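So you can see what is in the structure, the chains are spelled out below.
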Amino acid sequence: MPDRPTFDPYLILGIAREATPLQVARAHRRLAKQHHPDLHPDPDGTARMRHINEAWQILSVAERRAAYDRDHPAAGRPGSAHWGATRHAVQPQQPTTTGSWATWRATAAETRAAPRTVRSPNERPIPITRRPPPMVPPPHTVHESGWLAVALAVIFVALLLTAIFVGRALA
């Protein structure tokens, strides 16, 4: 594999050093879809795809990955080129708008006390979902059971026999 100082397969695939093989495969597939030169013609596309495939070749095989990790102990670690903090940690705050989840918090007594006849502008109706009725097999008909064929055969034989007896009686 290339022995470049800037070549970091973890950086190229955008994954952490502790990534599982499934995460490595998903990152490779995502990047291959984004940067494949057949799908997205670009002058740098072939070089970018070559780097992605080289990173995949190293990280997809456990022995190669272990050897790379042993030879490059700082690769893919926080604080290295890619994994350094670029922004402050996000602090979630309680929403302040009226159309947020906080408006849905009501006690049972408040719900019973104020029956709603008008929906608020931000409210979406909840679709009523019911289970479909259980599949009941249709009742068997005479056509499906085979008795109709038997009955017609009996009637045909009876008519044939009566025709034969009537023909002998007239002759």
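Rules used in this analysis
Residues numbered from 1 in each chain as written. Predicted model: local features only at pLDDT ≥ 70, side-chain atom pairs only at ≥ 80, totals over all residues. Heavy atoms only, no water. Salt bridge = Lys/Arg side-chain N within 4 Å of Asp/Glu carboxyl O. Helix = DSSP H or I, 4+ residues; strand = E, 2+ residues; numbered from the N terminus. Buried < 20%, exposed > 50% of the residue type's maximum accessible area, 1.4 Å probe, protein only. Arc of directions from axis to C-beta. Contact = heavy atoms within 4.5 Å. Axes fitted to C-alpha atoms, helices over the stretch in contact; angles between N-to-C directions. Parallel < 35°, antiparallel > 145°, perpendicular 65-115°, else oblique. Nonpolar A, V, L, I, M, F, W, Y, C, P; charged D, E, K, R; others polar. Patch = residues over 30% accessible without salt bridge, like charges linked within 9 Å, V, L, I, M, F, W, Y side chains within 5 Å. Areas by Shrake-Rupley, 256 points an atom, 1.4 Å probe, with all protein chains shown as cover. Core = buried A, V, L, I, M, F, W, Y, C linked by side-chain atoms within 4.5 Å. Expected span 1.5 Å × (residues − 1).

What follows concerns the pattern of salt bridges. All told, the structure shown has one salt bridge when counted by the stated rule. Between D69 and R17 there is a salt bridge; the shortest N-O distance is 3.6 Å. Placement of D69 in helix α4 (residues 62–71) and of R17 in the loop between α1 (9–13) and α2 (21–35) is noted, with a sequence separation of 52 residues between them. Each member of the pair, D69 as well as R17, is classed as buried.

This part covers α4. Taken residue by residue, α4 has R65, Y68 and D69 as its buried positions. For α4, the arc enclosing every buried residue in end-on projection is 100°, short of the 170-degree limit, so these residues lie on one face. Exposed residues on α4 whose side chains face more than 90 degrees from its buried face are E63, R70 and D71. Where α4 is buried, its residues touch α1, α2 and α3 (45–60).

A word on the packing of α3 against α4. The interhelical angle for the contact between α3 and α4, taken along N-to-C directions, is 100°, at an axis separation of 5 Å. It follows from the interaxial angle that α3 and α4 lie roughly perpendicular. Two secondary-structure elements touch here, α3 through Q57, I58, L59 and S60 and α4 through A62, R64, R65 and Y68. Split into classes, the residues belonging to the contact of α3 with α4 amount to four nonpolar, two polar and two charged.

A few words on a nonpolar patch on the surface. Residues F156, V157, L160, L161, I164 and F165 make up a contiguous nonpolar surface patch of about 590 Å² in total accessible area. Within the secondary structure layout, I164 lies in helix α7 (residues 147–170).

In this structure, Y10, L13, I15, V24 and L59 are the most contacted members of the largest nonpolar core, which totals 16 residues. A total of five residues in this core trace back to one element, the largest contributor, which is α3.

Here we take up α2. Its 15 residues place the ends of α2 21 Å apart at the C-alpha level, agreeing with the 21 Å of an ideal helix rising 1.5 Å per residue. Listed in full, the buried residues belonging to α2 are V24, A27, H28, L31 and A32. For α2, the arc enclosing every buried residue in end-on projection is 130°, short of the 170-degree limit, so these residues lie on one face. Opposite its buried face, α2 presents the exposed residues R26 and R29, each directed more than 90 degrees away. In this structure, the buried side of α2 is in contact with α1, α3 and α4.

Packing of α2 against α3 leaves a shortest axis separation of 10 Å and a crossing angle of 170°. Judged by the angle between their axes, α2 and α3 are roughly antiparallel. From α2, V24, A25, H28, L31, A32 and H35 reach across to α3, where they touch G45, R48, M49, I52, N53, W56 and L59. In terms of residue class, the contact of α2 with α3 is made up of eight nonpolar, four polar and one charged.

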